[in-house]
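Letter by letter, the chains look like this.
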Amino acid sequence: MSGTPVSVRDNHDATRLEIETEGRVAVLEYEITGDVMAITHTIVPSEFGGRGYGTLLAAAAMAKAEKEQLKVVPECSFIVAYMKKNPETQKLAHSSVTF
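Model, not experiment: these values are computed from the prediction. (Residues numbered from 1 in each chain as written. Predicted model: local features only at pLDDT ≥ 70, side-chain atom pairs only at ≥ 80, totals over all residues. Heavy atoms only, no water.)

Undergrad: Go over the nonpolar core, please, and point to the residues and values.
TA: Membership of the largest hydrophobic core comes to 23 residues, with the highest contact counts inside it found for L28, M37, I39, M62, V72, I79 and M83. For this core, the elements supplying multiple residues, two or more each, are β2 (16-21), β3 (24-33), β4 (36-43), α1 (53-67) and α2 (77-85). When near neighbours in sequence (up to four residues on either side) are disregarded, M83 contacts M62, V72, P74, T89, Q90, A93 and F99. (Core = buried A, V, L, I, M, F, W, Y, C linked by side-chain atoms within 4.5 Å. Buried < 20%, exposed > 50% of the residue type's maximum accessible area, 1.4 Å probe, protein only. Helix = DSSP H or I, 4+ residues; strand = E, 2+ residues; numbered from the N terminus. Contact = heavy atoms within 4.5 Å.)

Undergrad: Pulling in residues and values, what's your account of the pattern of salt bridges?
TA: In total, this model carries 7 salt bridges according to the counting rule given. Residue E47 is joined to R24 by a salt bridge in which the shortest nitrogen-to-oxygen separation is 2.3 Å. Of the two residues, E47 is situated in the loop between β4 and α1 and R24 in strand β3; the sequence distance between them amounts to 23 residues. By relative accessible area, E47 is classed as partly exposed at 41%. Classification of R24 by relative accessible area gives partly exposed; the value is 39%. As a salt-bridge pair, K91 and E66 come within 3.4 Å of each other at their nearest N and O atoms. (Salt bridge = Lys/Arg side-chain N within 4 Å of Asp/Glu carboxyl O.)

Undergrad: Run through the pairing of β3, naming residues and quoting values.
TA: Sheet topology places β2 next to β3; 6 bridges connect them, and they run antiparallel. The partner of L17 across the bridge, within β3, is L28. Here β2 folds back onto β3, and the loop between the two strands holds 2 residues, one of which, E22, carries a positive phi near 50°. Bridge count between β3 and β4: 7 bridges; the pairing is antiparallel. When the sheet's bridge partners are listed, E29 is paired in β4 with H41. Hairpin connection from β3 to β4: 2 residues lie between these consecutive antiparallel strands, with G34 at a positive phi of about 65°. (Pairing = 2+ DSSP bridges.)

What is shown is where atoms sit, not what they do.
In structure tokens, the structure reads:
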């Protein structure tokens, strides 16, 4: 781990959250329709595995949903697992989602 602090950026135009470091980008892709945010993919380059970037992206997505009063539909298996491990996030789940 490089020890360099990372931050998550919301790239509205690309509808994704991003962490850019060392010339590479980890992303969480989402789609917003009305008051629903579907999280479709979380992609972290393999060389960044184990750094917690996926968790940072997931937490940022939950914060975005809460701030914007959106209900989350986790279509990405990583986000389903994240929400199962973090039951406090389940209040953000759309009514169609079960854990």
